[in-house]
Structure formats: C-alpha cells, structure tokens
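# Structural features, examined
Residue strings, one per chain:
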Amino acid sequence: MKPFIRQTLERHRLRLQELDALLSAPDVVSDMERFRRLTREHAQAQDLAHAYDRYCQREADFAEAERLSLEDDAALAALGQEEMAAAKAELEALDTELQLLLLPRDPDDERHAFLEIRAGTGGDESTLFAGDLARMYTRYVQNQGWTAELISESPSELGGYKEVVFRVVGEGAYGRLRFESGGHRVQRVPITETQGRIHTSACTVAVMPEPDETQAIQLNPAELRIDTFRASGAGGQHINKTDSAVRVTHVPTGITAECQDGRSQHSNKAKALQVLQARLQEKERSERAAQDAALRKGLIGSGDRSDRIRTYNFPQGRLTDHRINLTLYKLGLVMDGDLGDVIHALNVARGAEALAALEQASHI
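This report concerns the structure included in the present document. (Residues numbered from 1 in each chain as written. Predicted model: local features only at pLDDT ≥ 70, side-chain atom pairs only at ≥ 80, totals over all residues. Heavy atoms only, no water.)

## Focus: the sheet that holds strand 1 (residues 113-119)
We count it as follows: Should DSSP find at least two bridges between two strands, the strands are taken to pair. Only DSSP runs of H or I with at least four residues qualify as helices, and only runs of E with at least two residues qualify as strands; both kinds are numbered from the N terminus onward. For helices, the fitted line uses only the C-alpha atoms of the stretch in contact; every axis is such a line through C-alpha atoms, and the angle between N-to-C directions lies from 0 to 180 degrees. Two residues form a contact once any of their heavy atoms are found within 4.5 Å.
Read across the open sheet, the eight strands follow the order 2-3-1-5-4-9-10-11; overall the sheet is mixed. Strands at the two margins of the open sheet, each flanked by one partner only, are strand 2 (147-155) and strand 11 (326-328). On average, each strand axis in the sheet is tilted by 15 degrees relative to the strand beside it, whichever way the strands run. In terms of strand pairing, strand 1 meets strand 5 (residues 199-209) through seven bridges, oriented antiparallel. Counted as the bridge partner of Glu 116 is Ala 206 from strand 5. Contacts from helix 5 (residues 124-143) reach strand 1, strand 2, strand 3 (161-169), strand 4 (182-188), strand 5 and strand 9 (308-313) within the one sheet, and its direction differs from that of strand 4 by about 115 degrees.

Here it is in structure tokens:
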C-alpha cells in the first residue's frame, strides 16, 4: 500500500472518532439537515475503517505466515507459504476496495440514469448493433435488480434501432454506467452480407444522470417548442391512434427530447422535459470536461460521443476497451448482460487515476 493512501486512511480513522462525538452532541441532533449530512459521512467513514481494519489484520497474518515459512520443519514452512499466498491475494483485493472507497463521491453517482443509444456509421448493420446494445444493457439492468423504462424509440426495418432512450431506475445506476458513454464499434459478418465478409459499423452511447429537481437547469417556456405526434413502433393500438407522443425542442441550442412510451400526453411531456434537462446538463458537463482535458488527458476519457471507447469483435469472441487496454474473450456473455468485469475494471482505473491526482495535489 502506498504511504499516501495509508496516511489518508489513518486520517479517516480519526475523523470517524470525531463523527462519533459530533453525532451525540445535542446541537447536532436538533439540526436535522446537519445530522443527516454527518450520518452519511459517518457511514462512509465506517465502511473505510472496517475495510482498513481487515487490511491491517491481513498484514499481520502475512507477517506471521512469513515467519512460519522460515521454519526448519518442512510441513510448517509449506503451511506458511500457503497462508502467505492467501493473505497476499486478499491484501491486493482489499487495496483495490480501499482505493475505490477513498474516491471523492460524485453526488450524481447514486442517481437514476438516462441511457441513449444511436446508430452511427454502417447503415442497417449499425441499427441492428444498436438493438444488440439495447438488449445487452437491459439484461445488465435486470441483473442488478433495476428497471429500464423505455422513453422513446425509432425502430429500423430490420428490427434494430436508429435511436432508443431508456430511463434506468436503480440506486447507483449512473455511477455504474457512466463510463459507457462514447463510440462503440462492432466487427462481424452482417446478416445482410452474402459474401461472408466482415464489416465494421458503430453506435454511440450517452449516459446521463437524471437531474435533481432542486438543482436541475431551469427551462424558460419561451425557449421551448413543443410538438405532438403519433407514436411509432410497439406500444399498442391506443397510442397509434392519438397524438400522445411529445417532442420538446430547446430553441437556443437545438437540443431535442421526445417521449412516446405512455398513453398520456401530459406524462410524455413531463418525461421529455426530464430528458431535455439531462441533455442540457450533459452538454454543460461535456464542455467542462473538454476544458479539463485540454489541461490533462484523463485515462477514462471525457465520455464524449466521438471517443471510440470499445470494440466488439464477433469472429474472435473478443471485447476490447481501448481506454484501459482491457481485452476479454467472453463476448457472448457480455452481450447477454455480463458487464460486471468491464465496469469493475473501469472503476478501478478511475480510482487509480483520481488517487494519483489527489497524491500529486497533496505535494503542491
């Protein structure tokens, strides 16, 4: 463990003791807003303290096993070496866990998310790949015990999507999915290919946190154009007979959002406005990220749609995430929603990058 990380963890231990005292103080108990804030901080500090205690215990176990491995008795020495290996593996896992726990919390990480998939270059094959990505993400969402609500869709003739937008409802959804934003490239033989040649096509994915109602961008009604139309695609006979679908355009930026999922025009308008707020908020975030990137290129990237972040190679059964040089030969499982290894690796890389920045700042 790096000295900087150990020093930071020791400071958190002391902070936990301070928080224990503060939470029993009468003036804090009587101030509910402060009490809630300190309670959240206490929970985070306690998680860190417990993980750090386990780390220190395993360090002691490793030292004892190392002593045992030097014994003259061959059986005891072999036992010591076996326990050293087990302790080392757990220490490495705990080190990674502690680095993630030390990361500054982004308040948006715990929020629900909007997930948008758009077909790009590649014609019909791109729309089919957009459909495959939609299935992959909805399977992952289901595996997490979350739900994916369809907001809008523009189906293609072959069964994929030109564009589809979901609202992912689940605690921590944005934090888990945030690094999926960017360009996704597929290499495979399309069903429309008669010569058996491998084609390359692409889709873009954007993941946006659902805006906090108290902090969301305030929309000026005078800057909005609202259109109603008949919903396309699946949804039952009712919505195909009424102009229940709603499209909202933010005139100054040209950014649009639509919803055609519900039967109620009022409900669709409310959801479309939510998506519009998220897109405007994401535009601001992307502009800030571009400015930051000019000063320091992040490992994970800005999440801009133009970033090519991942390749799905079907003939080789291979997934490659170009930001962290991760290659997995389990493409079938990934396309069926098994994204855990990819998402964990991205979060670990993000943690290492953020901690390196904190360490550098501490020396300034």
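## A look at the environment of Arg 67
Topologically, Arg 67 is positioned in helix 3 (residues 32-69). Residues Arg 67 and Gln 81 lie 14 residues apart in sequence; the distance between their C-alpha atoms is 9.5 Å.

## Digging into the pattern of salt bridges
Just so we agree on the cut-off: Here, a salt bridge means any side-chain nitrogen of Lys or Arg that lies within 4 Å of a carboxyl oxygen of Asp or Glu.
Inspection of the entire model under this criterion finds 31 salt bridges. With a shortest N-O distance of 3.5 Å, Arg 225 and Asp 227 are connected by a salt bridge. The structure contains a network of salt bridges with shared partners spanning Glu 116, Arg 118, Glu 163 and Arg 279.

## Topic: the sheet that holds strand 6 (residues 224-229)
Judged by pairing direction, the sheet is antiparallel, and its three strands sit side by side in the order 6-7-8 without closing on themselves. In the strand order of this sheet, the two ends are held by strand 6 and strand 8 (255-259), each with one partner. With direction set aside, neighbouring strand axes in the sheet form an average angle of 15 degrees. Both strand 7 (residues 245-250) and strand 8 contribute to a ladder of five bridges, which runs antiparallel. Within strand 8, the position partnered with Thr 249 by the bridge is Thr 256.

## Concerning helix 1 (residues 3-22)
This is how it is decided: For a helix, the expected span equals 1.5 Å multiplied by the number of residues minus one. For the exposure calls, accessible area comes from a 1.4 Å probe over protein chains only, and a residue counts as buried if that area is under 20% of its type's maximum, exposed if over 50%, partly exposed in between. It is the directions from the helix axis to the C-beta atoms that the arc portrays.
The end-to-end C-alpha distance of helix 1, which contains 20 residues, comes to 29 Å, matching closely the 28 Å that a straight helix rising 1.5 Å per residue would cover. Among all positions in helix 1, only Phe 4, Ile 5, Thr 8, Leu 9, Leu 16 and Leu 19 are buried. Axial view of helix 1: buried residues confined to an arc of 125 degrees, hence all on one face. Exposed side of helix 1, more than 90 degrees from the buried face: Pro 3, Leu 14 and Gln 17 are the residues found there.

## Describing the packing of helix 1 against helix 3
Using the following cut-off: Angle categories: roughly parallel below 35 degrees, roughly antiparallel above 145, roughly perpendicular from 65 to 115, and oblique for all the rest. Crossing chirality is assigned from the near helix's rotation relative to the far helix, an anticlockwise turn below a right angle marking it left-handed and a clockwise turn marking it right-handed. Residues are grouped as follows: Ala, Val, Leu, Ile, Met, Phe, Trp, Tyr, Cys and Pro are nonpolar; Asp, Glu, Lys and Arg are charged; all remaining types, including Gly, are polar.
Between helix 1 and helix 3, the shortest axis-to-axis distance is 8 Å and the interhelical angle comes to 135 degrees. As judged from the angle between their axes, helix 1 and helix 3 are oblique. Crossing geometry of helix 1 relative to helix 3 is assigned as left-handed. For the contact of helix 1 with helix 3, the residue count by class is eleven nonpolar, three polar and nine charged.

## With respect to helix 4 (residues 74-102)
Since there are 3.6 residues in each turn of an α-helix, residues three or four apart along the chain are aligned in direction. Note the following rule: Under the rule applied, a polar contact is a pair of N or O atoms within 3.5 Å (in protein, one hydrogen donor and one hydrogen acceptor; residues adjacent in sequence only if both atoms are side-chain atoms).
Helix length check: helix 4, at 29 residues, gives a terminal C-alpha distance of 41 Å against a target of 42 Å (1.5 Å per residue), a fit within 8%. Taken residue by residue, helix 4 has Ala 77, Gly 80, Met 84, Ala 87, Leu 91, Leu 94, Asp 95, Leu 98 and Leu 102 as its buried positions. N-cap assignment for helix 4: the residue whose side-chain oxygen lies 2.8 Å from the backbone N of Ala 75 is Asp 73.

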